[in-house]
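So you can see what is in the structure, the chains are spelled out below.
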Amino acid sequence: MKAYFTLILALFLNISCDKNDNNSGTNPLPVAFTISNQDDPNFPKLQISPEINSTAVEWVFPGNKRIKNKVSVIHYFGEKGDYDVTLNYTKDGEVYYYTETINIAQNSPYFNRGEELWWNDEFDGERIDLSCWNYDVGSNKNQNLWGNNEWQDYTNSPENSFLRDGKLIIKAIKSGDGQKVADYTSARLTTKGKKEINRGRVEVRAKLGGGRGLWPAIWLYQSSWIDGYYSELDIMEYVGIDKDIIYSAVHTNKTKEKPENQIGSNRRIEGVEDNFHIYGVNWTEGKVEFYVDDPHNPHLIFSVDNLQDKNEWPFDKTLYLILNIAVGGDWGGMKGVDDTIFPQEMEVDYVRIFTK
């Protein structure tokens, strides 16, 4: 049967459609996948057409990268050019293949900077990928497990963290009477032992929950205390009482010694509770830059001259990523917790990490 496939075109991409021969006949088979319009043309979303009605599929990308059993995928094409993408699928007991040539019209800014995509999670599956993520679980009720005298219990419950419409949702809930430790549940996801980096660019696109007492954060933390040197990079902290003010900070042995040594900055970003923004950090040799949306406009730059002093520059080892919402605590709850705000969510569109 000879099939002629027509691909629905994304407005920002040039897609070349080919006639694909498959057996014999005259009736056209349905379009196998379409490409959704997205803000970033280098990360197109490929979606299986409803007519296929099958999850027994395999996507084949350049370099023979294969992804199985996903009805939609977001794939990175850094360099402009033509790329063949194939979808193998089963329909009515028969196996078909569909190949389309995608034209990427421009290089990505990451490619132009000589950066390669090391790992990303677009949250386009059905559940959180536990090959990449861990749950930190526990309560502060009997010990200050999470530090800062916070009030939440962290759980692995699907009520507190789940995927929805291509987003990771971290949800803080008032689960008890309120106004004390363990009356709230939330989630804290980490990449510890699974996706750790030593230098690189980390970007997390997110929309934040807010209100008095809420404390969402995106940060990098050390894997081990063996060498005794503290290392933490706070990409984004949002204290809900300070509406639309984003904080970033660097923590080392030196900054922990005295308050006057603290290294931090903040920036007002209108509508962080209503709109998605990219919260990013670029960690290179001897320098760390923090930014919102625009990497060319960092609001905090940390650098040192003496890389040998581990009290000042402990960032020569791997760090892992943490995404969480805390409730209350020394900073988040400095003016109390408003129980009327719950539930509150942080929506994460993607996590992307680039290295050179």
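This report concerns the structure included in the present document.

### Some details on the environment of Asp-234
So, step 1. Note that Asp-234 resides in strand E21 (residues 231-237).
So, step 2. Under the relative-accessibility criterion, Asp-234 is labelled buried at 2%.
So, step 3. Each C-alpha atom of the pair Asp-234 and Tyr-247 lies 8.0 Å from the other, and the pair is 13 residues apart in sequence.
So, step 4. When near neighbours in sequence (up to four residues on either side) are disregarded, Asp-234 contacts Ile-218, Trp-219, Tyr-247, Ser-248, Ala-249, His-251 and Phe-290.
So, step 5. There is a polar contact of 2.9 Å between the side chain of Asp-234 and the side chain of His-251.

### Thoughts on the environment of Lys-356
So, step 1. By secondary structure assignment, the location of Lys-356 is in the segment after strand E28 (344-355).
So, step 2. Expressed as a C-alpha distance, the spacing of Lys-356 and Arg-113, which sit 243 residues apart in the sequence, is 8.7 Å.
So, step 3. Among residues more than four places away in sequence, those in contact with Lys-356 are Arg-113, Gly-114 and Glu-115.
So, step 4. Within the local environment of Lys-356, its side chain forms a polar contact with the backbone oxygen of Arg-113, the two atoms lying 3.4 Å apart.

### Quick notes on the side chain of Glu-122
So, step 1. Within the secondary structure, Glu-122 sits in the loop between strand E11 (116-121) and strand E12 (134-135).
So, step 2. Since its relative accessible area comes to 5%, Glu-122 is described here as buried.
So, step 3. One polar contact links Glu-122 to Arg-352, side chain to side chain, over a distance of 2.9 Å.
So, step 4. With sequence-adjacent residues up to four places away left out, Glu-122 is seen in contact with Phe-43, Ile-74, Gly-166, Asp-349, Tyr-350 and Arg-352.

What counts, and at which threshold
- Residues numbered from 1 in each chain as written.
- Predicted model: local features only at pLDDT ≥ 70, side-chain atom pairs only at ≥ 80, totals over all residues.
- Heavy atoms only, no water.
- Helix = DSSP H or I, 4+ residues; strand = E, 2+ residues; numbered from the N terminus.
- Buried < 20%, exposed > 50% of the residue type's maximum accessible area, 1.4 Å probe, protein only.
- Contact = heavy atoms within 4.5 Å.
- Polar contact = N/O pair within 3.5 Å; in protein donor to acceptor, adjacent residues only side chain to side chain.

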